[in-house]
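Coordinates in review
One letter stands for each residue in the lines below.
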Amino acid sequence: MVAVALTWVDVSGITRTKTVPVERLEHAATWGVGMSPVFDVFLLDDSITSGRHIGGPSGDLRLHPDLDRLVTLAALPGWAHAPALRYAQDGSVHPLDTRALLRRETERLASAGWTVKAAFEIEWAVSKGDGDDFVPACRGPAYGMTRVTELAGYLRDLLKALKATGVKVVQLHPEYAAGQYEVSVAAEGPVGAADTAVLVRETIRAVSMGHGLAATFSPKVEADSVGNGAHVHLSLWREDTSENAMAGGDGPCGMTAAGEAFAAGILARLPALLAVGAPSVASYLRLVPSHWAGAFACWGLENREAALRFVTGAEGERSVAANLEVKCVDAAANPYLLLAALLAAGRDGIGAERRLPEPVGVDPAGLPEAERAARGIRPLPASLKEAVAAFEADDVLRDALGEAVTDTVSAVRRGEIDLLDGATPEEVAAVTRWRH
């Protein structure tokens, strides 16, 4: 091992890094590595905006590697990776440290006797082009074995690299769009799940480059094609008994009262949650009806058109497998910030003893508008501007995330809205394609 990449994810969802030679790792863990707080207001094109709490050239933070999550990168020989903790020079936690924010939300749930298991499904598309255009690296049919055969060596090396890095892969398969694949990983605690999401994406990127390919996780690779999602799976567990609250109860689809309330809390806040879960202008090119993106605020048993898909698992393993899938989010999201917001919404649902409406068993887009209105099935925001407005008006998320985070998220989102104002869908896709 020669060097260690210390990473954090900014508000735009881009993984940033500083690296240290391995002989400096102990010093970095003790004293940190300097960085400017201005990175928190970088836009996706690396231009800089400012907020009331962050902005300008002054100030300094310290990056401390979390050595408990230090791993060698099988796809980058000689390199290792450690997620960074960010502190001010006086030792206080930086208010924009979203990893620390997620840990705080996890602890808040734990104080009430609950823990959460989480996992991200990661979709990406592979290009064999040399320039900025996207040229699908395989041509087989959607979900077809042909796509595995076409890139068998690439997929083999990816699975080997993930295993060597300690990632537990559940499955990998071709997806719908040209050149698109998806990998699912095992559920773990929320902070670990976000760390793993970053690690998986960087491993995919490295293995792709090693095969002369380019990987994109953009919500919309091509304006006229299906985009990449990053669905989140969540299950709520009692800390004292290790029982899954999403199963074994008398509520909808076997949920317990707490499991239902957790899901209902997330459902109630979905419009605001999109400002962190579907955080780019390109996200709203993906989030359209009848594309399995979950464009309506509703839930349903195994309904892939509902924003919240409830998964029971096979008969006999439901006590461990039952979970809630959040489908309306994508890989432009900062995974730490997204999970923190989801946990806050679920925690509020438990506290308020919320209940779910009737499940939706069909594509909501196919229902008459009057029936959707009568059943409370609302379309989710159709633009980032709408999502930001909902986010700014949401007191629950503001209280959970804090004023500095809320203000900075809004500033970055509005900066990117202005950046792409008037752009065509094709231009939005092109600008966003290789940034995430």
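The chain carries the name Glutamine synthetase in an unreviewed UniProt entry, which gives Actinomadura decatromicini as its organism. UniProt annotates the chain under Sequence similarities (unreviewed entry) with the comment "Belongs to the glutamine synthetase family."

Here we look at unusual backbone geometry
Its identity as a non-glycine residue notwithstanding, Ser-242 has a phi of 55°, on the positive side. Following the sequence through the fold, Ser-242 ends up in the loop between β11 (232-238) and α6 (257-268).

Looking at the packing of aromatic side chains
Going through the model one piece at a time under the given rule, you end up with 4 aromatic pairs. Consider the rings of Trp-8 and Phe-39, whose centres lie 5.6 Å apart with planes at 70°: the pair is edge-to-face. Here Trp-8 is found in strand β1 (residues 3-9), whereas its partner Phe-39 is found in the loop between β3 (33-35) and β4 (61-65), with 31 residues between them in sequence. Overall, Phe-39 belongs to the partly exposed group, its relative accessible area being 21%. Ring geometry for Trp-124 and Tyr-181: centres 5.9 Å apart, planes at 35°, overall tilted. Remark: Tyr-181 occurs in strand β9 (residues 180-185) and Trp-124 occurs in strand β7 (residues 114-127); sequence separation between them is 57 residues. Three or more aromatic residues joined by ring pairs make a cluster, and in this case those are Trp-8, Phe-39 and Phe-42. The lysine or arginine in question, Arg-201, covers the ring of Phe-217, its NZ or CZ lying 5.1 Å from the ring centre. The positively charged end of Arg-304 is found above the aromatic ring belonging to Trp-292, 5.9 Å away from the centroid.

Thoughts on the environment of Ala-430
Here Ala-430 lies in helix α15 (residues 425-432). A relative accessible area of 40% means that Ala-430 is categorised as partly exposed. Distance in space between the C-alpha atoms of Ala-430 and Ala-282 is 9.6 Å, their sequence separation being 148 residues.

Some details on the domain arrangement of the chain
Considered domain by domain, the chain is made up of domain 1 (3-94) and domain 2 (104-433). The C-alpha centroid of domain 2 is placed 25 Å from the C-alpha centroid of domain 1. Between domain 1 and domain 2, the contact holds 28 residues from the first and 31 residues from the second. In total, about 2,300 Å² of surface goes out of reach between domain 1 and domain 2, with carbon and sulfur atoms giving 63% of it. When residues of domain 1 are sorted by the area they lose upon contact with domain 2, Val-11, Leu-44 and Arg-69 head the list and together hold 26% of the total. Summed over the shared surface of domain 1 and domain 2, the number is 4 salt bridges. Glu-188 is the partner of Arg-69 in a salt bridge, and the nearest nitrogen-oxygen pair spans 3.5 Å.

Details of helix α2 (residues 98-111)
In this model α2 runs 20 Å from its N-terminal to its C-terminal C-alpha over 14 residues, within 8% of the 20 Å that 1.5 Å per residue would give. Among all positions in α2, only Thr-98, Arg-99, Leu-101, Leu-102, Glu-105 and Leu-109 are buried. Seen end-on, α2 carries its buried residues on one side only, within an arc spanning 160°. Where α2 begins, the capping side chain belongs to Asp-97, and its oxygen is found 3.0 Å from the backbone nitrogen of Arg-99. Just past α2, the residue Gly-113 takes up positive phi, approximately 95°.

Details of the nonpolar core
By size, the foremost hydrophobic cluster in this structure holds 105 residues, and its most contacted members are Trp-124, Ile-204, Leu-234, Ile-266, Leu-270 and Leu-339. Here this core gets 11 residues from one element, more than from any other, and that element is helix α10 (residues 335-352). Leu-234 has contacts with Val-116, Lys-117, Ala-118, Phe-262, Ile-266, Asn-323, Leu-324, Val-326, Leu-339 and Leu-342, leaving out every residue within four places of it along the chain. Listed in part, the 13 residues of the second largest apolar core include Val-20, Met-35, Leu-63 and Ala-80.

A closer look at α6
For α6, spanning 12 residues, the distance from its first C-alpha to its last is 16 Å, which sits close to the expected 16 Å at 1.5 Å a residue. Most of α6 sits inside the fold, with 10 of its 12 residues counted as buried. Among the residues of α6, Ala-258, Gly-259, Glu-260, Ala-261, Phe-262, Ala-263, Ala-264, Gly-265, Ile-266 and Leu-267 are the ones counted as buried.

What to know about the packing of helix α7 (residues 270-277) against helix α12 (residues 384-392)
Working note: a packed helix pair is described by the angle between its axes plus the distance between those axes. Following both chains from N to C, one finds α7 and α12 inclined at 115°, their axes separated by 7 Å at the closest point. One way to sum up the angle between α7 and α12 is to call them roughly perpendicular. Here α7 runs over α12; the crossing is left-handed. Facing α7, whose interface residues are Pro-271, Ala-272, Leu-274, Ala-275 and Val-276, α12 presents Ala-387, Val-388, Ala-390 and Phe-391. Residues belonging to the contact of α7 with α12 are distributed by class as follows: 9 nonpolar, no polar and no charged.

The rules behind these values
- Residue indices follow the written sequence of each chain, beginning from 1 at its first position.
- It should be noted that, the model being predicted, local features are given only for residues of pLDDT at least 70 and side-chain atom pairs only at 80 or more, the latter also being counted only at that level, while totals for whole chains, interfaces and linings use all residues.
- Note that the side-chain values use all heavy atoms of the structure and ignore hydrogens as well as water.
- UniProt positions are given in the numbering used here, feature names are shortened, and annotations may be inferred rather than shown by experiment.
- Secondary structure follows DSSP: runs of H or I at least 4 residues long count as helices, runs of E at least 2 residues long count as strands, and numbering of each begins at the N terminus.
- Only Phe, Tyr and Trp rings are paired, with Trp represented by its six-membered ring, and only when their centres lie within 6.5 Å; those with planes under 30 degrees apart are stacked, over 60 edge-to-face, the remainder tilted.
- Relative accessibility under 20% of the residue-type maximum defines a buried residue, over 50% an exposed one, and the middle range a partly exposed one, all with a 1.4 Å probe and only protein chains included.
- As a reminder, the over-ring test applies to NZ of lysine and CZ of arginine, requiring each to be within 6 Å of the ring centre and within 35 degrees of the ring normal.
- Residue ranges for the domains originate in an automatic or database domain assignment.
- Residue contacts are counted whenever heavy atoms from the two residues lie within 4.5 Å of one another.
- The quantity reported as buried area is the accessible area (1.4 Å probe) lost by two parts once they are put together, taken as the sum for both.
- Salt-bridge detection follows one rule: a side-chain nitrogen of Lys or Arg within 4 Å of a carboxyl oxygen of Asp or Glu.
- Expected helix span is given by 1.5 Å per residue-to-residue step, counting one fewer step than there are residues.
- This arc is taken over the directions from the axis of the helix to the C-beta atoms.
- Polar contact criterion, stated in full: a pair of N or O atoms within 3.5 Å, where within protein one must be able to donate a hydrogen and the other to accept it, and residues adjacent in sequence count only if both atoms are side-chain atoms.
- In these notes, a set of buried Ala, Val, Leu, Ile, Met, Phe, Trp, Tyr and Cys residues joined through side-chain atoms within 4.5 Å is what counts as a nonpolar core.
- To get an axis, a line is fitted to the C-alpha atoms, and for a helix only the part in contact is used. The angle between two axes follows their N-to-C directions and goes from 0 to 180 degrees.
- Comment on the angle field: the value is read as roughly parallel under 35 degrees, roughly antiparallel over 145, roughly perpendicular from 65 to 115, and oblique elsewhere.
- Helix crossings get a hand from a simple test, with the near helix turned counterclockwise from the far one by less than a right angle marking a left-handed crossing and a clockwise turn marking a right-handed one.
- The classification used treats Ala, Val, Leu, Ile, Met, Phe, Trp, Tyr, Cys and Pro as nonpolar, Asp, Glu, Lys and Arg as charged, and all other residues, Gly among them, as polar.

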